[in-house]
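# Chains, contacts and geometry: an overview
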Amino acid sequence: MKIETRFDRTCVSTGSKWEPKMGYSRAVRAGPYVAVTGTVGINLDGTYSTSIKDQTERSLTIILEALIALGAKPEQVIRTRIFTTRIDLWEEIASVHGRIFGEIRPCTTLVEVRKLIDDAALIEIEADAIIL
């Protein structure tokens, strides 16, 4: 991960192929607020597991690493947004999200979408945190 200051904000880049093309950061901290952009469950080698549970786990791992890089803790997450191409598998998604955020209980949204940025991606997750 690369951390930079841009326009009085601290930004984290994970080196994904989409970040420079679209002009965004994986996560941005402005004061006490941290926002993590939509994150698919892509593996380090650029592949995707066919398991939605594995993709959910990978997506949340990337998100948590970005939060930690900006000084946030998982318990400071106040909202997650989950987009999936397979809403029928919501319980598998929930089992991973619930294991990580079960005691934290942030607000969350889970919606089905027709397609994500990569054909093999089954899930994309965003997160917001406040560092108090």
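Note: the structure precedes this text.
We now turn to the structure provided with this report. (Residues numbered from 1 in each chain as written. Predicted model: local features only at pLDDT ≥ 70, side-chain atom pairs only at ≥ 80, totals over all residues. Heavy atoms only, no water.)

## Side note on the layout of surface pockets
The cut-off we apply is this: The definitions used throughout rest on a 1 Å grid laid over the protein atoms alone, on which a cavity is an enclosed set of points accommodating a 1.4 Å probe that cannot get out and a pocket is an open set flanked by protein within 12 Å on both sides along at least five of seven lines; lining residues are those having an atom within 4 Å of a point. Grid points are joined across faces, edges and corners, and a volume is the space filled by probe spheres set on the points. Segments assigned H or I by DSSP are reported as helices when at least four residues long, segments assigned E as strands when at least two residues long, and all are numbered from the N terminus. By the convention adopted, Pro, Cys, Tyr, Trp, Phe, Met, Ile, Leu, Val and Ala count as nonpolar, Lys, Arg, Asp and Glu as charged, and the other residues, Gly among them, as polar.
Estimated volume of the largest pocket: approximately 460 Å³. As for the largest pocket, its lining consists of 23 residues, and the residues nearest its centre are Thr14, Ser16, Trp18, Arg26 and Ile42. Of all the elements in the fold, those that place two or more residues in the lining of the largest pocket are α1 (18–22), β4 (33–40), α2 (52–69) and β7 (123–130). Broken down by element, the residue count for the lining of the largest pocket peaks at four residues, all from β4. When grouped by side-chain class, the residues that make up the lining of the largest pocket number nine nonpolar, eight polar and six charged. In this structure, the second largest pocket spans a volume of roughly 190 Å³. Of all the secondary-structure elements, those providing two or more residues to the lining of the second largest pocket are β1 (2–6), β2 (9–13) and α1. Tallying contributions element by element places β2 first for the lining of the second largest pocket, with three residues.

## So, the sheet that holds β4
To be explicit about the condition: Strand pairing is defined by DSSP finding a minimum of two bridges between the two strands. Working convention: axes come from line fits to C-alpha atoms, limited for helices to the stretch in contact. Angles between N-to-C directions cover 0 to 180 degrees. Any two residues having at least one pair of non-hydrogen atoms within 4.5 Å are treated as being in contact.
As summarised here, the arrangement of the seven strands in space is β1-β2-β3-β4-β7-β5-β6, forming an open sheet in which the pairing is mixed. On the outer flanks of this sheet lie β1 and β6 (107–112), each paired with one strand and no other. Going from strand to strand, the sheet's axes swing by 15 degrees on average, the running direction of each strand aside. Strands β1, β2, β3 (27–30), β4, β5 (77–84) and β7 of the sheet are contacted by α2, whose axis makes an angle of about 30 degrees with β7. Where helix α3 (residues 90–101) meets the sheet, its contacts fall on β5, β6 and β7, and the angle it forms with β5 comes to roughly 160 degrees.

## Structural notes on the packing of α2 against α3
Operational definition: Handedness of a crossing is defined here by the sense of rotation of the near helix relative to the far one, left-handed for an anticlockwise turn of less than a right angle and right-handed for a clockwise turn.
The N-to-C vectors of α2 and α3 enclose an angle of 35 degrees; their axes lie 8 Å apart at closest approach. By crossing handedness, the relation of α2 to α3 is classed as right-handed. Side by side, α2 and α3 meet where Ile52, Lys53, Thr56, Glu57, Leu60 and Leu64 of the first sit next to Glu92, Ile93, Ser95, Val96, His97, Arg99, Ile100 and Phe101 of the second. A breakdown of the residues in the contact of α2 with α3 according to their chemical character gives seven nonpolar, three polar and four charged.

## Here we look at the nonpolar core
Rules: Nine residue types can take part in a nonpolar core, namely buried Ala, Val, Leu, Ile, Met, Phe, Trp, Tyr and Cys, and a core is a set of them joined through side-chain atoms within 4.5 Å. Each residue's exposure class comes from its accessible area (1.4 Å probe, protein chains only) as a fraction of the maximum for that residue type: buried when under 20%, exposed when over 50%, partly exposed otherwise.
Counting residues in hydrophobic clusters, the biggest one holds 25 residues, and the most contacted among them are Val34, Leu60, Ile63 and Leu67. By size, the runner-up hydrophobic cluster in this structure holds six residues, among which are Trp18, Ile42, Tyr48 and Ala121.

## What about α2?
What counts, and what does not: A helix is expected to reach a length of 1.5 Å times the quantity of its residues less one. Distance and chemistry together define a polar contact, namely a pair of N or O atoms within 3.5 Å, with one atom able to donate a hydrogen and the other to accept it when in protein, and with adjacent residues in sequence counting only for side-chain atoms on both sides.
Spanning 18 residues, α2 covers 26 Å between terminal C-alpha atoms, matching the ideal 26 Å at 1.5 Å per step. For α2, the elements touching its buried residues are β2, β3, β4, β5, α3 and β7. Here α2 starts with a cap whose side-chain oxygen sits 3.2 Å from the backbone nitrogen of Lys53, and that cap is Ser51. Note on α2: the residue one or two positions beyond its end, Gly71, has a positive phi of about 85 degrees.

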